Amino acid sequence: MKVFVKDIMATEFDTIESDASVERAIQMITNGRVRETGDKTISLMVHDKVHMFVGIITMADILYHLRPDVLNHGIRGDEIDWTGQFERSLKQVKGKTVSQLMSINIVGASADEHLMVILDRMVKNKYKRLPVLENGRLIGVVYISDIYYHFFS
């Protein structure tokens, strides 16, 4: 049985440059690839101009920032007059760059790590994916669904 990250990591995945527009990220996620497991792309690995890994932008990151900032200050959504608010929020989020919304300080994996070590890390932290890095460069992605299907199919 294959037991290392390098044995099951995906080597085809969607990437985006950190200074790209969020509108571009939205298009890429909306039209993203469907993997062998049937899972659709919901995240993009982010790199800088010299292709060093710098973060991940997910569907959840974009949706979080679509919400008006006042919701972060104890105001409930039912207290807001939503007339025109969605359009303003959408325009604002689309005008940002990926680097403004992406998750940073991402825990990565090494290609030579044992799958059980990665599984433990992912389950404990509720990670759905981990970038596989070599000298700061992205060489693959290990998905929790791929680990599941590897062990149980």
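Everything discussed here concerns the structure shown above.
Residues numbered from 1 in each chain as written. Predicted model: local features only at pLDDT ≥ 70, side-chain atom pairs only at ≥ 80, totals over all residues. Heavy atoms only, no water.

Colleague: Would you mind showing me how to read the pairing of strand 4 (residues 129-134) here?
Modeller: For a regular strand, the rule is simple: side chains alternate between the two faces of the sheet. Pairing analysis gives six bridges linking strand 4 to strand 5 (residues 137-143), with the strands arranged antiparallel. Residue pairing for strand 5: Leu133 is matched across the bridge by Leu138. What sits between strand 4 and strand 5 in their antiparallel hairpin is a turn of two residues, with Asn135 showing a positive phi close to 55°. (Pairing = 2+ DSSP bridges. Helix = DSSP H or I, 4+ residues; strand = E, 2+ residues; numbered from the N terminus.)

Colleague: Quick question: what am I supposed to make of the nonpolar core here?
Modeller: The tendency in soluble globular proteins is for nonpolar side chains to be buried as a group. Formed by 15 residues in total, the largest nonpolar core has its most connected members in Ile16, Ala25, Leu44, Ile57, Ile62 and Val98. Looking at which element gives the most residues to this core, the answer is helix 2 (residues 22-30), with four residues. (Core = buried A, V, L, I, M, F, W, Y, C linked by side-chain atoms within 4.5 Å. Buried < 20%, exposed > 50% of the residue type's maximum accessible area, 1.4 Å probe, protein only.)

Colleague: Explain the pairing of strand 2 (residues 43-47) here, please?
Modeller: Extensive coverage of strand 2 is indicated by the burial of five of its five residues. Taking every second residue as pointing to the same face, both faces of strand 2 are buried, with Ser43, Met45 and His47 on one and Leu44 and Val46 on the other. Pairing geometry for strand 1 (residues 15-17) and strand 2, over three bridges, is parallel. Bridge pairing links Ile16 to Val46 in strand 2.

Colleague: Help me understand the pattern of salt bridges in this model?
Modeller: Two side chains that carry opposite charge are able to pair once their charged atoms sit near each other. Under the definition given, this model contains nine salt bridges. In this structure, the salt-bridge partner of Lys6 is Asp112, at a minimum N-O distance of 2.9 Å. You can see Lys6 sitting in helix 1 (residues 5-8) and its partner Asp112 sitting in the loop between helix 5 (98-101) and helix 6 (115-125), a full 106 residues away along the chain. Given the relative accessible area of 44%, Lys6 is considered partly exposed. Put simply, Arg33 and Glu12 hold a salt bridge, and the shortest N to O gap is 3.5 Å. Residue Arg33 is found in the loop between helix 2 and strand 2, and its partner Glu12 is found in the loop between helix 1 and strand 1; the two are separated by 21 residues along the sequence. The network of salt bridges with shared partners includes Glu12, Asp14 and Arg33. (Salt bridge = Lys/Arg side-chain N within 4 Å of Asp/Glu carboxyl O.)

Colleague: Explain the environment of His47 here, please?
Modeller: Mapped onto the fold, His47 is located in strand 2. Take His47: its relative accessible area is 12%, and that puts it in the buried class. The spatial distance from the C-alpha of His47 to the C-alpha of Asp61 is 16 Å, given a sequence separation of 14 residues. Setting aside residues up to four positions removed in sequence, His47 forms contacts with Thr15, Ile16, Glu17, Ser18, Met52, Phe53 and Val54. (Contact = heavy atoms within 4.5 Å.)

Colleague: Sorry, what's going on with the side chain of Ser18 here?
Modeller: Inspection of the secondary structure puts Ser18 in the loop between strand 1 and helix 2. In this structure Ser18 touches Val46, His47, Asp48, Val54, Thr97, Val98 and Ser99, once residues within four positions along its chain are discounted.

Colleague: Whenever I open this one, the sheet that holds strand 2 confuses me. Can you help?
Modeller: Pairing between the strands of a sheet comes from backbone hydrogen bonds, and it takes one of two forms, parallel or antiparallel. In space, the three strands of this open sheet follow the order 1-2-3, with mixed pairing throughout. The outermost strands of the open sheet, each flanked by one partner alone, are strand 1 and strand 3 (53-58). In this sheet, neighbouring strand axes are inclined to one another by 35° on average, regardless of whether the strands run parallel or antiparallel. (Axes fitted to C-alpha atoms, helices over the stretch in contact; angles between N-to-C directions.)

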